[in-house]
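Now for the letters of each chain:
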Amino acid sequence: MIKETRIIMGMPVTLMTPHETDSDVAFKKVFDFFNQVDKRYSPYIDSSEVSQINRHELTESDYSIEMHEILELAENTKHETDGYFDVWHDHTFDPSGIVKGWAIQRAASILQSFSDDFYIEAGGDIQVSGNNDKQQSWRVGIRNPFNRHENISIISLGNHAVATSGSAIRGQHIYDPISGNPPTDIVSLSVIAPRIIDADRMATAAFAMGSRGIEFIEKLKGYEGYMVSANKNVTMTNGWKKFEVNES
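Residues numbered from 1 in each chain as written. Predicted model: local features only at pLDDT ≥ 70, side-chain atom pairs only at ≥ 80, totals over all residues. Heavy atoms only, no water.

Trainee: Explain the environment of Asp116 residue by residue, including any values.
Mentor: Assignment of secondary structure puts Asp116 in the loop between helix 4 (96-112) and strand 5 (118-122). For Asp116, a relative accessible area of 51% gives the class exposed. For the pair Asp116 and Asn131, spaced 15 residues apart in the sequence, the C-alpha separation amounts to 8.2 Å. Sequence-distant contacts of Asp116, defined by excluding residues within four places in its chain, comprise Ser129 and Gly130. A polar side-chain atom of Asp116 sits 3.1 Å from a polar atom in the side chain of Gln112. (Helix = DSSP H or I, 4+ residues; strand = E, 2+ residues; numbered from the N terminus. Buried < 20%, exposed > 50% of the residue type's maximum accessible area, 1.4 Å probe, protein only. Contact = heavy atoms within 4.5 Å. Polar contact = N/O pair within 3.5 Å; in protein donor to acceptor, adjacent residues only side chain to side chain.)

Trainee: Which residues make up the packing of helix 3 (residues 65-80) against helix 4, and what values go with them?
Mentor: The contact between helix 3 and helix 4 brings their axes to 11 Å, and the two run at 120°. Looking at the two axes, helix 3 sits oblique to helix 4. Taken as a pair, helix 3 and helix 4 cross one another with a handedness that is right-handed. Counting all contacts with helix 3, which are made through Glu66, Glu69, Ile70, Leu73, Ala74 and Thr77, the residues of helix 4 involved are Ile98, Val99, Trp102 and Arg106. For the contact of helix 3 with helix 4, the residue count by class is six nonpolar, one polar and three charged. (Axes fitted to C-alpha atoms, helices over the stretch in contact; angles between N-to-C directions. Parallel < 35°, antiparallel > 145°, perpendicular 65-115°, else oblique. Left-handed = near helix turned anticlockwise from the far one by under 90°. Nonpolar A, V, L, I, M, F, W, Y, C, P; charged D, E, K, R; others polar.)

Trainee: Break down the sheet that holds strand 5 for me, with residues and values.
Mentor: Read across the open sheet, the eight strands follow the order 1-2-5-6-9-10-11-12; overall the sheet is antiparallel. The open sheet has two edge strands with one neighbour each: strand 1 (2-8) and strand 12 (234-236). With direction set aside, neighbouring strand axes in the sheet form an average angle of 10°. Note: strand 2 (residues 11-17) against strand 5, four bridges, orientation antiparallel. Paired with Val13 across the bridge in strand 5 is Ala122. Lying over the sheet, helix 1 (residues 23-41) contacts strand 1, strand 2 and strand 5, oriented at roughly 15° with respect to strand 1. Sitting on the sheet, helix 4 touches strand 2, strand 5 and strand 6 (125-129), and the angle it makes with strand 5 is about 155°. (Pairing = 2+ DSSP bridges.)

Trainee: Give me the pairing of strand 8 (residues 147-157): which residues, what numbers.
Mentor: The pairing of strand 7 (residues 138-144) with strand 8 spans seven bridges and is classified as antiparallel. Each residue of the ladder has a partner; that of Asn144, found in strand 8, is Asn147. Where strand 7 folds back onto strand 8 in an antiparallel hairpin, the turn is made up of two residues.

Trainee: Quick rundown of the pattern of salt bridges? Include the residues and the values.
Mentor: Within the structure shown, the criterion is met by twelve salt bridges. The shortest N-O distance in the salt bridge between Glu49 and Arg40 comes to 3.8 Å. For Glu49, a relative accessible area of 9% corresponds to the buried category. Look at Arg40 and you get partly exposed, because its relative accessible area is 35%. With its nearest N and O atoms 2.9 Å apart, the salt bridge here joins Glu80 to Arg201. With Glu80 in helix 3 and Arg201 in helix 5 (residues 196-208), this pair connects stretches of sequence that are 121 residues apart. (Salt bridge = Lys/Arg side-chain N within 4 Å of Asp/Glu carboxyl O.)

Trainee: How would you explain the environment of Leu15 if you had to name every residue and give the values?
Mentor: Here Leu15 is to be found in strand 2. Here the alpha-carbon distance between Leu15 and Val128, two residues 113 residues apart in the chain, equals 9.9 Å. The residues touching Leu15, leaving out its near neighbours within four places in the chain, are Ile2, Lys3, Glu4, Phe27, Val30, Phe31, Leu111, Tyr119 and Ile120.

Okay, here's the thing in structure tokens:
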């Protein structure tokens, strides 16, 4: 198994593939892409396009093609989630909640041009394709938010993605845009979908809904969810068990 991890965008980005052929070239292209994304879309870098927008130095006609794409996706997500996903906070533009999934999806396309078998993870959000070095679907552990050294669910993914939103690592950083308050009744919500760009944005929105988020995921066709409440109860959608494996 070829594996490499780098810290980019303030988070670990890990790439894996069972194939050595051209893996160096493929990995370099992906890491270079993530560095470009960080420079353009980070709200913490003064020269980024996001920072320029917040300083009102750019009009919409000046935005990059990719920025228009991100804004359209964000607006669609806001509509799809009844307002529980919003990239505008107190008149400040912060697309972080959508850029990560968007970037992983783009990076997966880069890897796909080199191999059908790969794993890509950025900050806990994962897109996989094909098989691992054992010719099996990729195994992914869902961390216990109360004990980060323990998995509370292990899932098998072939051509799917999983994204987790929660407060275990970064504290309360997701707010209900309607009430303005962070959810306090849940601590973790993981979402499986065919594409990480969708799993990521829906996990963020569902977490903002609090305990009602798992019901929202249940109603979405092609999605599965796994929620951990603040009092350590687990609720999962009806189809989550189809992905779960027993590795005792």
